[in-house]
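Below are the chains, spelled out letter by letter.
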Amino acid sequence: MWGCIKDFFTYETTKSVVVKSWTIGIINRVVQLLIISYFVGWVFLYEKAYQERDTAIESSVTTKVKGFGEHHNKTMDVADFVTPSQGASVFCIITKLITTENQVQGLCPESEKKFKCENDDNCTTLMSKPGSNGLLTGKCVSYGSTKMCQIRGWCPAEIDDIPIKPMMEVENFTIFIKNSIRFPRFNFTKGNFLPNINSTYIKNCTFDFNRNSYCPIFKVKDVIRFSHQNFTKLALEGGVIGIKIAWLCDLDKSEDECKPAYSFTRLDAMSEKTRVSPGYNFRFAKYFKMENGTEYRTLLKAVAIRFDVMVNGDAGKFNMIPTLINMVAAFTSVGVGAVLCDIILLNFLKGADLYKARKFEEVSDAHIQKSLSYNSGIYRNRELSELSVRPEDKFSNDSGAFSIGQYG
């Protein structure tokens with residue numbers, strides 16, 4: 001126990017040992033060079049660690065689609081095939097419509113094959129499960145040449161497996177995107193209309209990575225191509241395409257250097273790998289009233305390409321606090337070279353025991369007292385020797401000490 005107490009109340013101080021070894025010297029300098037290169041090249045120049053960052057970007061996106069197409073022998077415009085109509089950052093362009101007209105509330109047979117029946121008992125067992133087009137009544141009724149379970153709801157029931165040719169003109173539609181952003185930490189605002197963009201340029205440009213990389217007008221077929229997708233397949237089944245706008249701004253440079261970068265991807269990639277609910281579709285209805293007040297509707301199942309415009313950003317500006325923090329980290333990390341060299345020196349090199357003996361030395365209170373006593377004796381003998389050859393010095397016995405002075 002006493003030994004543990006003595007070991008606890010100890011103090012270690014640094015002792016410098018100069019090791020003249022080519023091996024250790026080269027390793028030490030190489031490690032230091034690598035650490036300095038990492039901090040200068042990666043941390044400060046590439047990552048710009050001397051800057052304060054703001055990733056909490058505030059963004060507003062408005063969109064507008066233009067084009068005309070033909071579907072069901074009808075000419076379709078924006079009001080027919082774009083939903084919602086508010087021009088939000090998420091919108092759909094409908095490529096195919098399955099229409100069920102003149103539906104009214106009442107009783108009618110289900111339309112899906114899984115509701116085929118022979119008698120009422122077959123339908124009664126299915127009542128615990130939801131129907132596809134309405135509430136099951138538990139009755140088995142005639143439906144053409146077969147029998148189907150009866151439902152209560154909008155009749156006649158929808159038949160959505162009819163093969164319909166999609167509206168292929170969609171690939172030539174254009175999407176106009178207006179984006180405004182703000183970095184609140186720096187109170188910096190910008191938009192995707194750069195100084196060279198004017199009304200004349202807008203009327204003639206379409207986005208292209210090589211020639212018009214900042215044009216805010218995109219052709220649908222180009223967006224699909226940049227996403228590495230097949231337009232015909234998307235038009236038949238639907239899908240979700242992401243248009244990403246990235247704002248990476250170095251605010252230490254000119255404001256004109258802060259520009260948007262566009263990229264494109266398919267967001268519902270899982271739809272390509274499964275046949276369970278492939279693509280993207282939704283339903284909506286248009287409601288009317290007869291002269292006698294009876295309500296009826298037209299149900300539409302829409303297969304569409306959904307576009308999600310997503311904005312992200314990262315802005316940086318010089319600030320002294322992150323600069324000092326990273327400089328201290330850099331200077332501290334240089335000491336890693338010494339740690340590595342110590343490990344090699346004390347464990348792997350020839351003569352490691354000799355290095356350990358030179359590097360580590362233990363000093364106790366007993367050693368200090370013995371050393372002080374020894375040195376005190378040496379100094380006393382040297383003093384007496386000097387007094388013996390200097391008769392002009394005098395002693396005083398009044399305090400047990402001696403003083404050195406000159407005779408008058």
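Each value, and the rule that gives it
Residues numbered from 1 in each chain as written. Predicted model: local features only at pLDDT ≥ 70, side-chain atom pairs only at ≥ 80, totals over all residues. Heavy atoms only, no water. Helix = DSSP H or I, 4+ residues; strand = E, 2+ residues; numbered from the N terminus. Core = buried A, V, L, I, M, F, W, Y, C linked by side-chain atoms within 4.5 Å. Buried < 20%, exposed > 50% of the residue type's maximum accessible area, 1.4 Å probe, protein only. Disulfide = S-S within 2.5 Å. 1 Å grid on protein atoms, 1.4 Å probe; cavity = no way out; pocket = protein on both sides within 12 Å on 5 of 7 lines; lining within 4 Å. Points joined across faces, edges and corners; volume = space filled by probe spheres on them. Nonpolar A, V, L, I, M, F, W, Y, C, P; charged D, E, K, R; others polar. Contact = heavy atoms within 4.5 Å. Polar contact = N/O pair within 3.5 Å; in protein donor to acceptor, adjacent residues only side chain to side chain. Phe/Tyr/Trp six-rings, centres within 6.5 Å; stacked < 30°, edge-to-face > 60°. Axes fitted to C-alpha atoms, helices over the stretch in contact; angles between N-to-C directions. Parallel < 35°, antiparallel > 145°, perpendicular 65-115°, else oblique. Expected span 1.5 Å × (residues − 1). Salt bridge = Lys/Arg side-chain N within 4 Å of Asp/Glu carboxyl O.

*Asks:* Account for unusual backbone geometry, naming residues and giving values.
*Replies:* Geometrically, the link from threonine 83 to proline 84 is a cis peptide bond, its omega value of -5° lying close to zero. Assignment of secondary structure puts proline 84 in the loop between β5 (82–83) and β6 (90–109). Between cysteine 155 and proline 156 the backbone carries a cis peptide bond, its omega angle lying at 0°. By the element assignment, proline 156 lies in the loop between β8 (146–155) and β9 (174–183). Here the phi dihedral of lysine 48 falls at roughly 55°; this positive angle occurs in a residue that is not glycine. You can see lysine 48 is positioned in the loop between α2 (22–46) and β1 (51–54). A positive phi angle is found at asparagine 102, which is not glycine, with a value near 55°.

*Asks:* I'd love a proper account of the nonpolar core, names of residues and values included.
*Replies:* Formed by 48 residues in total, the largest nonpolar core has its most connected members in Phe81, Ile93, Phe183, Val220 and Phe307. Broken down by secondary-structure element, the contributors of at least two residues to this core are β2 (58–66), β6, β9, α6 (220–226), α7 (231–237), β12 (239–250), β13 (260–266) and β15 (295–318). Broken down by element, the residue count for this core peaks at seven residues, all from β15. Counting 12 residues, the second largest nonpolar core, distinct from the first, contains Cys117, Cys140, Met148 and Ile151.

*Asks:* Explain the state of the cysteines to me, and be specific about the residues and the numbers.
*Replies:* A full pass over the atoms with the stated rule returns five disulfides. One disulfide bridge connects cysteine 123 with cysteine 149, the sulfur atoms lying 2.1 Å from each other. Between cysteine 123 and cysteine 149, the S-S torsion sits near -95°, and that sign places the bridge as left-handed. Here cysteine 123, found in helix α4 (residues 120–124), pairs with cysteine 149, found in strand β8; they are 26 residues apart in sequence, far enough to count as distant. The pair formed by cysteine 123 and cysteine 149 is uniform in burial state, with each residue classed as buried. Here cysteine 205 connects covalently by a disulfide to cysteine 215, the sulfurs 2.0 Å from one another.

*Asks:* Explain empty space enclosed by the protein to me, using residue names and the numbers behind them.
*Replies:* Inspection of every chain in the model, using the stated rule, returns one cavity of 30 Å³ or more. By volume, the largest cavity is sized at about 30 Å³. Around the largest cavity, the lining residues are Lys233, Leu234, Glu237, Gly238, Arg266, Ser271 and Glu272. Looking at the lining of the largest cavity, the element that brings in the most residues is α7, giving three residues. Partitioning the lining of the largest cavity into residue classes produces one nonpolar, two polar and four charged.

*Asks:* Tell me about the environment of glutamine 150, residues and numbers included.
*Replies:* Take glutamine 150: it is sitting in strand β8. Along the primary structure glutamine 150 and cysteine 117 are separated by 33 residues, whereas in three dimensions their C-alpha atoms are 9.9 Å apart. Contact partners of glutamine 150, with chain neighbours within four places excluded, come to Leu107, Cys108, Pro109, Leu135, Leu136, Thr137, Lys139 and Val141. Within the structure, the side chain of glutamine 150 is placed 3.0 Å from the side chain of threonine 137, a separation counted as a polar contact.

*Asks:* Could you give me a rundown of the packing of aromatic side chains, with the residues and numbers involved?
*Replies:* Applying the stated criterion across every chain, the model contains 20 aromatic pairs. Plain terms: the ring middles of phenylalanine 218 and tyrosine 262 are 5.2 Å apart, the flat faces sit at 70° to each other, and that makes the pair edge-to-face. Residue phenylalanine 218 is found in strand β11 (residues 217–219), and its partner tyrosine 262 is found in strand β13; the two are separated by 44 residues along the sequence. The rings of Phe207, Phe209, Phe218, Phe226, Tyr262 and Phe264 are connected pair by pair, giving a single aromatic cluster.

*Asks:* Give a description of the packing of helix α9 (residues 336–347) against helix α10 (residues 352–359) that names residues and reports values.
*Replies:* Direction vectors running N to C along α9 and α10 enclose 120°, while the axes themselves pass 6 Å from each other. Between α9 and α10, the interaxial angle falls into the category oblique. When α9 is examined against α10, the residues Asp342, Leu345, Leu346 and Asn347 are found in contact with a partner set consisting of Ala352, Tyr355, Lys356 and Lys359.

*Asks:* Hey, could you go over α2 for me, with residue numbers and the actual values?
*Replies:* Taking 1.5 Å as the rise per residue, α2 with 25 residues should run 36 Å; its terminal C-alpha atoms sit 34 Å apart, in good agreement. All of the buried residues along α2 are Ile24, Asn28, Val31, Gln32, Ile35, Phe39, Val43 and Phe44. Residues of α2 that are buried make contact with α8 (320–334) and α9. The positive-phi residue at the C-terminal boundary of α2 is lysine 48, with phi of around 55°.

*Asks:* Account for the pattern of salt bridges, with residues named and values stated.
*Replies:* Here the idea is simple: oppositely charged side chains can pair when their charged atoms come close. Counted under the stated rule, the structure contains 10 salt bridges. The residue arginine 182 makes a salt bridge to glutamate 58 at a minimum N-O spacing of 3.0 Å. Taken as a pair, arginine 182 in strand β9 and glutamate 58 in strand β2 lie far apart in primary sequence, 124 residues in all. Judged by its relative accessible area of 27%, arginine 182 falls in the partly exposed class. Lysine 301 is paired through a salt bridge with aspartate 160; the nearest N and O atoms lie 3.2 Å apart. Highlighted residues: lysine 301 in strand β15 and aspartate 160 in the loop between β8 and β9, separated in sequence by 141 residues.

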